[in-house]
There are 2 protein chains.
Amino acid sequence: MQHGFGQFCPIALASEVLTQRWTLLILRELLAGSSRFNDIRRGVPRISASLLKARLETLEHAGIVERRQGRGRDVHEYFLTAAGKELKPILSNIGEWGQRWAREIEPEDLDPGWLVWNIHRRLDTAEMPPGRTVIQIEFSDAPRNARYFWIVNTDGGVEVCLKSPGYTVDLRARTTVRVLAEVWRGIRPIRRELRAGTIHLEGHSALRRAFPKWLLLSTYAPIRRKRSSRSEV
Amino acid sequence: MQHGFGQFCPIALASEVLTQRWTLLILRELLAGSSRFNDIRRGVPRISASLLKARLETLEHAGIVERRQGRGRDVHEYFLTAAGKELKPILSNIGEWGQRWAREIEPEDLDPGWLVWNIHRRLDTAEMPPGRTVIQIEFSDAPRNARYFWIVNTDGGVEVCLKSPGYTVDLRARTTVRVLAEVWRGIRPIRRELRAGTIHLEGHSALRRAFPKWLLLSTYAPIRRKRSSRSEV
DNA sequence: CGGTATCCCCCGCGATACTG
DNA sequence: CAGTATCGCGGGGGATACCG
């Protein structure tokens, strides 16, 4: 299979770049503000380093991405060009459509690390106590090596740890990947899950009570699903 | 490579269907009003029958397309569901983006049959004389078997013929695929090409003079290109 | 940190021929 | 008209190891 479609239709020409495997997800990360190679990988964890590099080069040649030397010898940054920034409405539309109409979440989609990474990016730290806050998340249904995560908020920003950062935990949240994923997607109401105990919180009461406030969900969460849950197999 | 991306992000889930090879072009055809298998193929001529069938089935399973029995035993029609119709803004955005930013047209994109098929779909017959009108197009740069096309407008509609339909030709247009393609895309101004003689018309003068009126261009033609023509190789 | 370099498998897809 | 059936290859991309 060659690359092209044998047409000069603008949709066909755009598709040559945009519909390559992983490309839309890389663009989503860049639009979300990532610029470092490994930050992009954290948002697209299943892509291999070599393929990510190849895709970034394709995007560079297509005039969508620009690669710049960052501060430091081994620091590089990837930025969207004007053409790349204009892809934003496309990505938004696809996200909205996906929220309404894409297939249900299957077990193999439930990557706990990815979920925590996305949560940490959108924490509303203004709704959290001042100073350092350490949140531990436990996924009771995750494999051993992906069961515990720590999110640490300091004045310097929010970070994810895969091992205990050492500090005292201020809030412990126990749930399943499935529940938190569907809450994040806006499919399950967060307060209902708290009441039902499928999300169990332990720790400082102020932090606990404000949980639905500082836990910002997916930007597409407010969009209501239209696909009937009982669709065909 | 599995199909999924290991994420429950709505963009990732939508991508599983939408970024499959040819899929966007099939959707473009359905949104343009095609519903018959072979009509879709005329708009996506380089796809094989088996692959088109496979893609349509995938789209059916994804709830985007619905297959119905038409009038007659061997007549089937493909329609967009509500979910499918909601893809329209995505396709429009991609088309607009492609018009502005996609790569230049290369020789292998210049399919003359595809061009004529798209022109015939958007003829403004109200700007043409009443009764039957036969237009012959000659592409001086096309291979022998794709050099001549006839567009026949009658009360019953507009049709494309690959062989002379027998009727007298009312207007003969001689040009190159490149010129007409770039005119259709809105990259070259039609009147300039007529003046320069790179589009040469012969025949009824009323039909000739109204040529820029009844020849409707791509819906994206009014959108001005932003990519610098002298971009990197 | 930000990549390279290989190896190799698998399957997507193009080509062609045939059918109810 | 609207597909089915079959075959074979090319190369996309996953996995893994290594590097400046």
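We now examine empty space enclosed by the protein. Residues and elements named next belong to chain A. Overall, the coordinates contain three cavities of 30 Å³ or more when judged by the stated rule. Of the voids in this model, the largest cavity is the one considered here, and its volume is about 90 Å³. Secondary-structure elements contributing two or more residues to the lining of the largest cavity are β3 (133-139), β6 (171-175) and α11 (211-214). Counted by class, the lining of the largest cavity contains eleven nonpolar, one polar and no charged residues.

Another point: the relation of the copies chain B and chain A. Rotating chain B by 180 degrees and translating it 0.0 Å along the rotation axis places it on chain A, where the RMSD comes to 0.0 Å. Both copies of the chain, as the preceding transformation shows, are related through a two-fold rotation axis. Closest to the rotation axis within chain B is the C-alpha of B:T19, separated from it by 2.2 Å. Taken together, the interface assignments show that 100% of the residues at the interface of chain B recur at the interface of chain A, consistent with an identical surface on both copies.

Quick look at helix α8 (residues 177-184) of chain B now. Residue pairs three or four apart in sequence face the same way in an α-helix, which turns once every 3.6 residues. All names here are of chain B. The element α8 is extensively covered by neighbouring structure, given that seven of its eight residues are classed as buried. For α8, the elements touching its buried residues are α7 (112-121), β3 (133-139), β6 (171-175) and α9 (190-196). Immediately downstream of α8, the backbone of G186 shows phi near 85 degrees, a positive value.

Neighbouring DNA strand C are 18 residues, the closest being A:R36, A:R67, A:D74, A:Y78 and B:R55. Here, DNA strand C places atoms within 4 Å of the protein, and 86% of those atoms are sugar or phosphate. A distance of 2.6 Å separates a phosphate oxygen of DNA strand C from a polar side-chain atom of A:R67. B:D74 is positioned with one of its side-chain polar atoms (N or O) 2.9 Å from a base nitrogen of DNA strand C. In terms of residue class, the surface near DNA strand C is built from seven nonpolar, four polar and seven charged.

Let us now look at the packing of helix α1 (residues 10-18) of chain A against helix α6 (residues 88-101) of chain B. Contact geometry of α1(A) with α6(B) gives a least axis separation of 8 Å together with a crossing angle of 90 degrees. Judged by the inter-axis angle, α1(A) sits roughly perpendicular to α6(B). The segment α1(A) lies against α6(B), with A:P10, A:I11, A:A14 and A:L18 engaging B:L91, B:I94, B:G95, B:W97, B:G98 and B:Q99. When the residues that make up the contact of α1(A) with α6(B) are grouped by side-chain class, the tally is seven nonpolar, three polar and no charged.

Residues and elements named next belong to chain A. Mapped onto the elements, Y148 comes out in strand β4 (residues 148-154). Judged by its relative accessible area of 34%, Y148 falls in the partly exposed class. Spatially, the C-alpha atom of Y148 lies 10.0 Å from that of A173, the residues being 25 residues apart in sequence. For Y148, the contacting residues outside a window of four places in its chain are Q136, I137, E138 and L162. For Y148, the side chain forms a polar contact with the side chain of E138, separated by 3.4 Å.

Residues and elements named next belong to chain A. An order of β5-β4-β3-β6-β7 is seen for the five strands of this open sheet, with the pairing classed as mixed. The open sheet is flanked by β5 (157-161) and β7 (200-203), the only strands paired with a single partner. Across this sheet, the average inter-strand angle for adjacent strands is 15 degrees, counted without regard to direction. Relative to β7, β6 runs antiparallel, the two being bridged by four bridges.

Turning our eyes to something else, we now look at the protein's contact with DNA strand D. Not every one of the 17 residues close to DNA strand D is listed here, only the nearest: A:R55, B:R36, B:R67, B:D74 and B:Y78. Of all DNA strand D atoms lying within 4 Å of any protein atom, the proportion belonging to sugar or phosphate reaches 88%. Interatomic distance of 3.4 Å between a backbone N/O atom of B:N38 and a phosphate oxygen of DNA strand D. Interatomic distance of 2.7 Å between a side-chain N/O atom of B:Y78 and a phosphate oxygen of DNA strand D. Contributing elements (two or more residues each) for the surface near DNA strand D: α4 (49-61) of chain A together with α3 (37-43), α4 (49-61) and β2 (76-80) of chain B. Residue classes in the surface near DNA strand D are distributed as six nonpolar, four polar and seven charged.

Each strand in a sheet pairs with its neighbour through backbone hydrogen bonds, running either in the same direction (parallel) or in the opposite one (antiparallel). Residues and elements named next belong to chain B. Taken in spatial order, the five strands make up an open sheet running β5-β4-β3-β6-β7, and their pairing is mixed. Of all the strands in the sheet, just β5 (157-161) and β7 (200-203) have a single pairing partner and so form its edges. Each neighbouring strand pair of the sheet contributes to a mean axis angle of 15 degrees, computed without reference to strand direction. As paired elements, β3 and strand β4 (residues 148-154) share six bridges and run antiparallel to each other.

Conventions used here
- Residues numbered from 1 in each chain as written.
- Chains lettered and ligands numbered in written order.
- Predicted model: local features only at pLDDT ≥ 70, side-chain atom pairs only at ≥ 80, totals over all residues.
- Heavy atoms only, no water.
- 1 Å grid on protein atoms, 1.4 Å probe; cavity = no way out; pocket = protein on both sides within 12 Å on 5 of 7 lines; lining within 4 Å.
- Points joined across faces, edges and corners; volume = space filled by probe spheres on them.
- Helix = DSSP H or I, 4+ residues; strand = E, 2+ residues; numbered from the N terminus.
- Nonpolar A, V, L, I, M, F, W, Y, C, P; charged D, E, K, R; others polar.
- Least-squares fit on C-alpha atoms with pLDDT ≥ 70 in both.
- Contact = heavy atoms within 4.5 Å.
- Buried < 20%, exposed > 50% of the residue type's maximum accessible area, 1.4 Å probe, protein only.
- Near = heavy atom within 4 Å.
- Polar contact = N/O pair within 3.5 Å; in protein donor to acceptor, adjacent residues only side chain to side chain.
- Axes fitted to C-alpha atoms, helices over the stretch in contact; angles between N-to-C directions.
- Parallel < 35°, antiparallel > 145°, perpendicular 65-115°, else oblique.
- Pairing = 2+ DSSP bridges.

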